[in-house]
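Here is what each chain is made of, one letter per residue.
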Number of protein chains: 4
Amino acid sequence: MNEKQETKYQLILDAAFEQMKENGFEKASVSQIVKRAGVAQGTFYLYFDSKSAIVPAIAERILCEQIDVVRNEVRDGDDILSIVRVLIDQTFALTDKHREVIKFCYSGIAYYDSFQRWEDIYRPYYEWVELKLQEAMEKKEIPSLSVLSYQAKLIIGIIEQSAETYYLASDPTKEENVDIYKEELFQFIKRALS
Amino acid sequence: MNEKQETKYQLILDAAFEQMKENGFEKASVSQIVKRAGVAQGTFYLYFDSKSAIVPAIAERILCEQIDVVRNEVRDGDDILSIVRVLIDQTFALTDKHREVIKFCYSGIAYYDSFQRWEDIYRPYYEWVELKLQEAMEKKEIPSLSVLSYQAKLIIGIIEQSAETYYLASDPTKEENVDIYKEELFQFIKRALS
Amino acid sequence: MNEKQETKYQLILDAAFEQMKENGFEKASVSQIVKRAGVAQGTFYLYFDSKSAIVPAIAERILCEQIDVVRNEVRDGDDILSIVRVLIDQTFALTDKHREVIKFCYSGIAYYDSFQRWEDIYRPYYEWVELKLQEAMEKKEIPSLSVLSYQAKLIIGIIEQSAETYYLASDPTKEENVDIYKEELFQFIKRALS
Amino acid sequence: MNEKQETKYQLILDAAFEQMKENGFEKASVSQIVKRAGVAQGTFYLYFDSKSAIVPAIAERILCEQIDVVRNEVRDGDDILSIVRVLIDQTFALTDKHREVIKFCYSGIAYYDSFQRWEDIYRPYYEWVELKLQEAMEKKEIPSLSVLSYQAKLIIGIIEQSAETYYLASDPTKEENVDIYKEELFQFIKRALS
DNA sequence: TATGAATGAGGGTTCATTCAT
DNA sequence: TATGAATGAACCCTCATTCAT
């Protein structure tokens, strides 16, 4: 039962994701989405209150992929700076991959009444990074920091911001610089953690 | 008669420009545009084949403003590096000013089947820069370069690209760096012209 | 089992009744009704063939309330004219109380193909009044009447009709006249029973 | 040009009027209305802001019919009491004729934000009655009344209210009483004008 | 019996585009 | 050239009804 629910929700979300990736938010019609998903028009509204309600769901989907991918790259016992490198690499990679969708996700934030939804989406990510900071502190890799939850948010924030700044402009010819850019970012965070 | 044409065309273009600046491309309706322009619905289609045909016209309009402004800042006899500085400053200023519109102009390129239209729009700009390079060469400010038209395109290209990379990301907190960024760009071009 | 059926049926009917009282027939959606009733969407269709099938059920419900209330007010041995007074008072009271619902119940008659359903609903009411007439005849309160069942229908009919005429017009300012109106009605029936 | 506009507006209004007369407001769909009117879906919205915007238009239409019919029945030089008789007769006749539509017109008043629209619709009617009162006063048929515009509104108001009270209940069997009812109403106004 | 996810026709409305004037 | 009424497809969304469980 639960699995079938998952399936329909995922079908719609996947279809919406692809459709919006190709045509942007405005031009991706609900009827195209449901046709692509192979479900009825009304089914869409069983899972989403409105067309725009899909925006945070897509954001969540991207972030989940991000968390999965990061977790897969990190081994138990990795030092915090290696983890930061992974965070940077994967955030840049996913921002690059999902460029088009991220663009309207972020402008979509404005539409959304409450920060709460976004907080909910990010919470597991924040908590995982916070945990890693905690472990690093216990292993004396980094000094004792006052409020770890804030530190986690700051690190995630600066990495995402940098990736978006880099990729959301449409020109991909300067990608030679991305390594330098990422190195600068890494050094910044490294210093911030000393 | 010609003047009246100019007038109607300009009225519509101005209205479209403002409307799209405020609401984006999709949400700016033709009926809003014509109302703002003070012309009839059908008149729109005397000057534009379709709603999306306005996109290159807006690009042209911005570029014309760019050319005008650059020409006003440049005096006869200015050396080529001063001119490059003007190009950089004005390109950055206009990209900043027209951020919103430029965003969909560039995504609009994709819609358009042929590069030809964009080539046409840019041609006078390219030619003017090419002329300046020519003069600089004759005045021995720069060495003898093989294909001047390519050099002009490269210079314009790299400046626009940089400005867009800088401004089209939404975060305005890093604006302190713009001068450094521009200086790097200038040095790059300067070396390229030695 | 029977009791549980009763319960679900009543839950749905009550919910429908309230919902339609508040929003009218068209705007009361089945999904709102089942939510209010605390049952599943499909359960509705176990008890009602369609949304409009609820209309005669509501009529029945009102009429049942009517019969109950009348029976409670009437004592064994009451003379027929006292009973007529009770009928008038209670019919007017219930028509007043359920104004909104009665309005679309009566326009709903049009939807319904057969009078049969309405006949079925009214039968117990008719029979009870007929019984009372029978008793009155035996006690010589009224003369010997030919077809008692018709007399019963006529009496119930004229009372309901009068109450609806009085209340279904929205203007409540003339309510001072209700007693005169009811008295006229009573006299009419009284004469008809002599 | 003006005539064609009249035509389309009238076509839609007529179709809406008939459709709503037959099915009520909710069940009369815009698509049915435009089909009946023989115009395109979008054309509806050239003349009405929304489906509910048709409600005051229908009210206006009925009132216009009312004014026309009254003017045709009244001769120059008729005394004011004859005119009042005509007003009563015609108001009752039209309320009877348009029962169904009037029902939701009046509940539709609630939906409408401003009294202004209704004031505008009624103004010509008010003014015509006021004029007749003015003439009656000059001919000494009635005593000198203070604010004629108020008197006009009161007379129109009481007649409409009475007609609606009488007809909006669905039962037509008591129409024998209508003449008495109207006579009472006439006497009331007659006394009010002495 | 009871569920509730799924359906899809139909709702009101918008809007790019056309065409007779 | 200029108009703007007219078009109708497509938009997002609702809801009575069905059906596999």
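Residues numbered from 1 in each chain as written. Chains lettered and ligands numbered in written order. Predicted model: local features only at pLDDT ≥ 70, side-chain atom pairs only at ≥ 80, totals over all residues. Heavy atoms only, no water.

**Considerations on the overall build of chain A**
Then, number 1: Each helix and strand in chain A was counted, giving nine helices and zero strands.
Then, number 2: When its helices and strands are written in sequence order, chain A yields α-α-α-α-α-α-α-α-α.
Then, number 3: A buried classification covers 43% of the 194 residues belonging to chain A.
Then, number 4: A separation threshold of at least 6 residues defines the contact pool for chain A, and within that pool the share at least 24 residues apart is 69%.
Then, number 5: Put simply, chain A shows about 10600 Å² of open surface, and 51% of that area lies on carbon and sulfur atoms. (Helix = DSSP H or I, 4+ residues; strand = E, 2+ residues; numbered from the N terminus. Buried < 20%, exposed > 50% of the residue type's maximum accessible area, 1.4 Å probe, protein only. Contact = heavy atoms within 4.5 Å. Areas by Shrake-Rupley, 256 points an atom, 1.4 Å probe, with all protein chains shown as cover.)

**Comments concerning helix H4 (residues 54–73) of chain A**
Then, number 1: Taking 1.5 Å of rise per residue, 20 residues should cover 28 Å, and H4 of chain A covers 29 Å from first to last C-alpha, within 8% of that figure.
Then, number 2: Every buried residue belonging to H4 of chain A is among Ile 54, Val 55, Pro 56, Ala 57, Ile 58, Ala 59, Ile 62, Leu 63, Gln 66, Ile 67 and Val 70 of chain A, and all of these are buried. (Expected span 1.5 Å × (residues − 1).)

**Observations concerning the UniProt feature "DNA-binding region" (unreviewed entry) in chain A**
Then, number 1: As recorded in UniProt, the feature "DNA-binding region" (unreviewed entry) lies at residues 29–48 of chain A.
Then, number 2: Secondary structure content for residues 29–48 of chain A is 75% helix and 0% strand, while the C-alpha to C-alpha distance between its ends is 14 Å. (UniProt positions renumbered as here; feature names shortened; annotations may be inferred.)

**Brief notes about the protein's contact with DNA strand E**
Then, number 1: In the neighbourhood of DNA strand E, 32 residues make up the surrounding shell, with Thr 43 and Tyr 47 of chain A, Val 30 of chain B together with Thr 43 and Tyr 47 of chain C lying closest.
Then, number 2: Here DNA strand E approaches the protein such that, of its atoms within 4 Å, sugar and phosphate make up 59%.
Then, number 3: Lys 51 of chain D places a polar main-chain atom, nitrogen or oxygen, 2.8 Å from a phosphate oxygen of DNA strand E.
Then, number 4: Mapped onto the surface near DNA strand E, the elements with two or more residues apiece are helix H3 (41–47) of chain A, helix H3 (41–47) of chain C together with helix H2 (30–37) and helix H3 (41–47) of chain D. (Near = heavy atom within 4 Å. Polar contact = N/O pair within 3.5 Å; in protein donor to acceptor, adjacent residues only side chain to side chain.)

**Section: the protein's contact with DNA strand F**
Then, number 1: In the vicinity of DNA strand F, 32 residues are found, and the nearest of them are Thr 43 and Tyr 47 of chain B, Val 30 of chain C together with Thr 43 and Tyr 47 of chain D.
Then, number 2: Of all atoms in DNA strand F that approach within 4 Å of the protein, 60% are sugar or phosphate atoms.
Then, number 3: Here Gln 41 of chain B contributes a backbone N or O atom positioned 3.4 Å from a base nitrogen of DNA strand F.
Then, number 4: Counting residues per element, the ones that place at least two in the surface near DNA strand F are helix H2 (30–37) and H3 of chain A, helix H3 (44–47) of chain B, H3 of chain C together with H3 of chain D.
Then, number 5: Among the elements that line the surface near DNA strand F, the one with the most residues is H3 of chain D, at five residues.
Then, number 6: Classifying every residue of the surface near DNA strand F by side-chain character gives 13 nonpolar, 15 polar and four charged. (Nonpolar A, V, L, I, M, F, W, Y, C, P; charged D, E, K, R; others polar.)

**A closer look at unusual backbone geometry**
Residue and element names in this part refer to chain B.
Then, number 1: A positive phi angle, near 60°, is found at Lys 140, a position not held by glycine.
Then, number 2: Mapping Lys 140 onto the fold places it in the loop between helix H7 (116–138) and helix H8 (148–167).
Then, number 3: Exposure remark for Lys 140: the relative accessible area of 72% places this residue in the exposed category.

**Focus on the environment of Tyr 126 of chain B**
All names here are of chain B.
Then, number 1: Here Tyr 126 shows up in helix H7.
Then, number 2: Classification of Tyr 126 as buried rests on a relative accessible area of 17%.
Then, number 3: Linking Tyr 126 and Ala 152, residues 26 residues apart in sequence, is a C-alpha distance of 5.9 Å.
Then, number 4: When residues no more than four places from it in sequence are discounted, the contact partners of Tyr 126 are Glu 119, Ala 152, Lys 153 and Ile 156.

**Thoughts on the environment of Ser 144 of chain C**
Then, number 1: One can find Ser 144 of chain C in the loop between helix H7 (116–138) and helix H8 (148–167).
Then, number 2: Sequence spacing of Ser 144 of chain C and Gln 134 of chain C is 10 residues, and the spatial spacing of their C-alpha atoms is 9.2 Å.

**Quick word on the environment of Leu 13 of chain D**
Then, number 1: In this structure, Leu 13 of chain D sits in helix H1 (residues 2–27).
Then, number 2: Contact partners of Leu 13 of chain D, with chain neighbours within four places excluded, come to Phe 48, Ile 54, Ala 57, Ile 58 and Arg 61 of chain D.

**Looking at the packing of helix H4 (residues 54–73) of chain D against helix H5 (residues 80–97) of chain D**
When two helices pack together, their arrangement is captured by the angle between the axes and the distance separating the axes.
Residues and elements named next belong to chain D.
Then, number 1: Where H4 contacts H5, the axes come no closer than 10 Å and their chain directions differ by 145°. As H4 packs across H5, the resulting crossing turns out to be right-handed. For the pair H4 and H5, contact is made by Ile 62, Glu 65, Gln 66, Val 69, Val 70 and Glu 73 and by Val 86, Leu 87, Gln 90, Thr 91, Leu 94 and Lys 97, respectively.
Then, number 2: Residues belonging to the contact of H4 with H5 are distributed by class as follows: six nonpolar, three polar and three charged. (Axes fitted to C-alpha atoms, helices over the stretch in contact; angles between N-to-C directions. Left-handed = near helix turned anticlockwise from the far one by under 90°.)

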